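Summary of structural features
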Amino acid sequence: MSLQCGIVGLPNVGKSTLFNCLSNAKAQSANFPFCTIEPNVGVITVPDERLNKLAELVHPQRIVPTTVEIVDIAGLVKGASKGEGLGNKFLANIRETDAILHVLRCFDDDNITHVDGSVNPVRDKEIIDFELQLKDLETIEARISKVQKQAQTGGDKTAKVAYEVLSRYKEALEQGKAARTVTFETKDEQKIAHDLFLLTNKPVMYICNVDDNSAVTGNKYVDMVREAVKDENAEILILAAKTESEIAEFETYEERQMFLNEIGLEESGVSRLIRAAYSLLNLETYFTAGPQEVRAWTYLKGSKAPQCAGIIHTDFEKGFIRAEVIKYDDYIALGSESACKEAGKMYIEGKDYVVQDGDIMHFRFNV
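The model shown is predicted, which means the values in this text are computed figures rather than measured ones.

Taken in spatial order, the six strands of this open sheet run E2-E4-E1-E5-E6-E7, and their pairing is mixed. What marks the edges here is a single partner per strand, and that holds for strand E2 (40-45) and strand E7 (235-239). Neighbour-to-neighbour, the strand axes of the sheet open up by a mean angle of 25°, direction not taken into account.

Counting across every chain of the model gives 17 salt bridges. With its nearest N and O atoms 2.4 Å apart, the salt bridge here joins Lys 125 to Asp 129. Of this pair, Lys 125 and Asp 129 both sit in helix H4 (residues 121-153), separated by four residues, roughly a single helical turn. For the pair Lys 125 and Asp 129, a shared accessibility class is recorded, and that class is buried. Here Arg 275 makes a salt bridge to Glu 267, at a shortest N to O gap of 2.5 Å. Judged by relative accessible area, Arg 275 falls into the partly exposed class, the value being 34%. The exposure class assigned to Glu 267 is partly exposed, which follows from its relative accessible area of 26%.

Secondary-structure assignment places Gln 133 in helix H4. By relative accessible area, Gln 133 is classed as buried at 10%. Excluding anything up to four places from it in sequence, Gln 133 contacts Leu 173, Gly 176, Lys 177, Ala 178 and Thr 200.

Criteria and cut-off values
Residues numbered from 1 in each chain as written. Predicted model: local features only at pLDDT ≥ 70, side-chain atom pairs only at ≥ 80, totals over all residues. Heavy atoms only, no water. Pairing = 2+ DSSP bridges. Helix = DSSP H or I, 4+ residues; strand = E, 2+ residues; numbered from the N terminus. Axes fitted to C-alpha atoms, helices over the stretch in contact; angles between N-to-C directions. Salt bridge = Lys/Arg side-chain N within 4 Å of Asp/Glu carboxyl O. Buried < 20%, exposed > 50% of the residue type's maximum accessible area, 1.4 Å probe, protein only. Contact = heavy atoms within 4.5 Å.

Structure representation (C-alpha cells):
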C-alpha cells in the first residue's frame, strides 16, 4: 500500500536531518536552502511491539513488519505558488503525497541561518499555509468558472452541488483558512470535495523541532504553535532532530534505551513520529501468524475482510469465502491458535466484517 507522508517546511528547519534519522537513505543535509532538490523517499519500518510478542509465542522463521513511506520535499519560500524558488516542483511533489508532516523550527542556534532572519515558527507555518492556500484558491476559481453557469441556469443537479462545495471552499480560503476546516454532510458533497485533491485538505501534523533541552517539556516556541493551531484539525509532535540523529548512531537497542533514559525519554521521537504518520494516513495493522512467518499487514481503517485479504494476494479477495479471526489480546493471553480455538476465541467472519486493528487473520478462499 503506497501511501506517503511528505515532510515539508521552510529551508533549514531540520527536514533533511529528520529524514536521515527516519531512513537509511541519507538526504544531503547542509546549511543552505534547497539542498534537497529531488524528493527523497524512505520506506520506514513501523515499530510495533505486538509483532515481537506474537513472534515470541509462534517462533517463526522470519518476522515481517509493516512500513510507511516518508518523502523529504525541497524547502519552500515565499512566492512558491507563483513559481518562486522551487515552488512549482514543491507544490507538485506535495500534491502527490497523502498527508503532510510540517516541520517547524522551534530552537535558537546562531550557527544555523534562518531564511527570514529570525526564529518564529508561527510565521513560518503561515508562510507555507499561505502558499498552499493560494494554489488551492487558484484551483477552486478555475473550477467555479466551469460549473457556475450550469449550476445557475441549467438543471444539472451535480453542477449545483459542485458549485456549492466550491463556493464554501472559496469562502474559507479567502479568509485564510485551510480546506480541511470545511466539512460536508452528504456523500455527493464529500465525493466532489475529495476529487478536488486540494493541498490544504490533506491531513497534517506539525513537528516542533526543538533543542536538546526541550525534547521532553517543549518550550516557548512550541507554546506559540499550540496556540496557533488550536482551531485546526491537526496534531502536534515535539522532537529534537539533533538528539534523534545522535540516537540513530547507536548500534544496539540497549545503547539507545540507555541514552533515552539519561535524557528522560521513554522512546525516541522518531518512533513516535512513525506511528503518528501511520495513524495520520488512516492506516491500521492486522497480523498473520504461522511457523513460516509472523507478519504485519497495512490496511485502510474501515476496510472489510475481502479487501484486507486482497492485500496479501488478489486471488484471496476474488475467491474470498470467510475469515478466521483471533483478537490480539486473546492470542497473547491463551498463547496459541489452537488454544484460542478450544476456548471459543476464534471467530468466523464473512464479507461484511470490518477488520479491527490488531486482528490476527486467516483467510479461506477458492479460485
